[in-house]
Amino acid sequence: MMPSLETFWNTGGTLLAALAGARYDARMTADYSDRNPELGSLYAAHLAEVMARHDDALEKSGAAHLVVFSGCPTYAFLDDNTYPFRANPHFVSWAPLTALPLSYIVYTPGETPVLVYYQPKDYWHVVPGAPSGYWTNSFDIRVVHESEAAAEHLPAERDKCILVGEIHDDAHAFGIERVNPSTTMNLLHYARGQKTPYELACMRLASRRGVSGHRAAEGAFRDGASEFAIHQAYCQAVSHADNELPYNNIIALNEHGAVLHYTDLERQAPDESRSFLIDAGAQVHGYACDITRTYSKEDGRFADLVQRMDVLQQAITDDIRAGVDYRDLQIKTHALIGEVLVETELASGSAESLIGSGVTSAFFPHGLGHLLGIQVHDVGGFMENESGTTIDPPSGHPFLRLTRELLEDMVLTVEPGLYVIDMLLDNLRGTAAEHQVNWDTVAWLRPYGGVRIEDNVRVLADGVENFTRDAFAL
Ligand code: GLY
Ligand code: MN
Ligand code: MN
């Protein structure tokens, strides 16, 4: 049995290198901890940028202090078990504290930010340990053992505070009445579109982590594993429990690839694993990757289609640079999908006529991509400016989540797809489109589900840095 990748990283790769008889390759190590020296060296500048954004937001909102609440665990109905905790993404943008409920960051421009760090006295659960890591020197940390004790660390003038966070219980607001005001939130959300060098480094690492899982999952697929077993191989490789994944893994064999958000995990392996669509992410300090690959068991027609979609995906990616309108790329993708449909004999006619008749939308019914960051579908994708004006998706493309102009250091996904979704294809029957579709070829493709290829790219002035392909190339 191979050692887990976690073990591998912790031992500097020597164990696996010894097993494989291979020379140790430093590029394969990755430190995801909050002791990573590269992240440590970038963090101070990141925090300075976060503070500058908040200085601006507070001034424009007419407030003197910002209080960010990390969040409160939520109990299931009639139960004493909580749902998995997801920290307020604003809290995570200040410090890599993804698992610290009932805590607060208190910021007054010009002063060192205060972190009210809730460490309950509790012998039932593991409580957060003593603060440690590269981020600790940047805060005035006040450890409290009772949640009510946070009150004394908040600014006395509550009417001059803005609170950012999800408040289910007024007690957690400690009398602050301005909660998530739209002026402030719009400013912060717009700014979050562009990532700092620290955030980019976290996301590069998240991509490497995710790719390690994708490799393990591909291997399990080729060994004939069930979806459930593939998922376990993935989680083992990235060293995430399910709750730590940035979104529910899509592990889809055969026809299941046509369900866009297929998250059932079939326990039984199918008799024949023809195709495998995996859309699975990982995170580092709360920053996500969101990667999709599609594999064919055999060479041949489906493998060729996967290859063709990979070419299409890279052609679209080649058009990305600062200043581009992503809506134009969504529309261009439909033209390219039209060409693929004709080439592969799934449909006939011009690409233009296939768009007009709704054929391309039936095969590719989702958006080309979205902003990525602390949230997989990161905030701010529709924002025209920081005052909250939004830009609608183009007509006929309601699921596109990224309509704002691309700026340098945005991170986004590029994820064209092509599927046999009978619910959508059936809508074409009785219309002009029915005769454009080659139903025999559709019947051939149906048992394979579909194809999606999804990369995560950083926008540059003249192109992209492709986190996903870089990680696969390591
Ligand atoms: N994994 C969800 C998405 O690709 O948007
Ligand atoms: Mn995805
Ligand atoms: Mn995505």
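Right above here is the structure, for reference.
Because the structure is predicted, anything quoted here is derived from the model rather than measured. (Residues numbered from 1 in each chain as written. Chains lettered and ligands numbered in written order. Predicted model: local features only at pLDDT ≥ 70, side-chain atom pairs only at ≥ 80, totals over all residues. Heavy atoms only, no water.)

> Even after reading the chapter, I still don't get the coordination of the manganese ion (ligand 3), so can you show me in this structure?
Put simply, the ideal angle at a metal is 109.5 degrees for four donors in tetrahedral geometry and 90 or 180 degrees for six donors in octahedral geometry. Distances from the manganese ion (ligand 3) to its protein donors, Asp-290 (OD), His-370 (NE2), Glu-415 (OE) and Glu-454 (OE), fall at 2.0 to 2.2 Å. Around the manganese ion (ligand 3), the 6 donor atoms sit at angles spanning 51 to 157 degrees, and that spread fits a shape best called irregular. In terms of primary sequence, the donors binding the manganese ion (ligand 3) are separated according to D-x79-H-x44-E-x38-E. Separation of the manganese ion (ligand 3) from the manganese ion (ligand 2) amounts to 3.3 Å, with Asp-290 serving as a shared donor to the pair. (Donors = N, O, S within 2.8 Å, 3.2 Å for Na, K, Ca; no water. Tetrahedral: all angles 85-135°; square planar, octahedral: opposite > 155°, others 65-115°.)

> Would you mind going over the site of ligand 1 with me for this structure?
By nearness alone, every residue bordering ligand 1 is listed as Tyr-247, Asp-279, Asp-290, His-370, His-377, Glu-415 and Glu-454. One of the side-chain N or O atoms of Asp-279 is found 3.1 Å from a nitrogen atom in ligand 1. Within the contact set of ligand 1, an oxygen atom lies 2.7 Å away from a side-chain nitrogen or oxygen of His-377. Alone, ligand 1 offers 200 Å² of accessible surface; in the complex the protein occludes 90% of this. For the shell around ligand 1, the class distribution of residues is 1 nonpolar, 2 polar and 4 charged. (Near = heavy atom within 4 Å. Polar contact = N/O pair within 3.5 Å; in protein donor to acceptor, adjacent residues only side chain to side chain. Areas by Shrake-Rupley, 256 points an atom, 1.4 Å probe, with all protein chains shown as cover. Nonpolar A, V, L, I, M, F, W, Y, C, P; charged D, E, K, R; others polar.)

> Honestly, the coordination of the manganese ion (ligand 2) in this entry has me stumped. Any pointers?
Protein coordination at the manganese ion (ligand 2) comes from Asp-279 (OD), Asp-279 (OD), Asp-290 (OD) and Glu-454 (OE), with a distance range of 2.0 to 2.3 Å. Bound by 6 donor atoms, the manganese ion (ligand 2) shows angles of 57 to 172 degrees at the metal and therefore irregular coordination geometry. Expressed as a motif, the donor residue spacing for the manganese ion (ligand 2) is D-x10-D-x163-E.

> Can you walk me through empty space enclosed by the protein in this structure?
To find leftover empty space, a probe the size of one water molecule is rolled over the atoms. What the rule picks out here adds up to 1 cavity of 30 Å³ or more. Estimated volume of the largest cavity: approximately 80 Å³. Taken together, His-46, Val-50, Arg-53, His-54, His-90, Ser-93, Leu-188, Arg-192 and Glu-199 make up the lining of the largest cavity. Listing elements by their share of the lining of the largest cavity, those giving two or more residues are helix H3 (37-61), helix H4 (89-94) and helix H5 (182-192). Take the lining of the largest cavity: its biggest share by element is 4 residues, from H3. Tallied by class, the residues present in the lining of the largest cavity amount to 2 nonpolar, 4 polar and 3 charged. (1 Å grid on protein atoms, 1.4 Å probe; cavity = no way out; pocket = protein on both sides within 12 Å on 5 of 7 lines; lining within 4 Å. Points joined across faces, edges and corners; volume = space filled by probe spheres on them. Helix = DSSP H or I, 4+ residues; strand = E, 2+ residues; numbered from the N terminus.)

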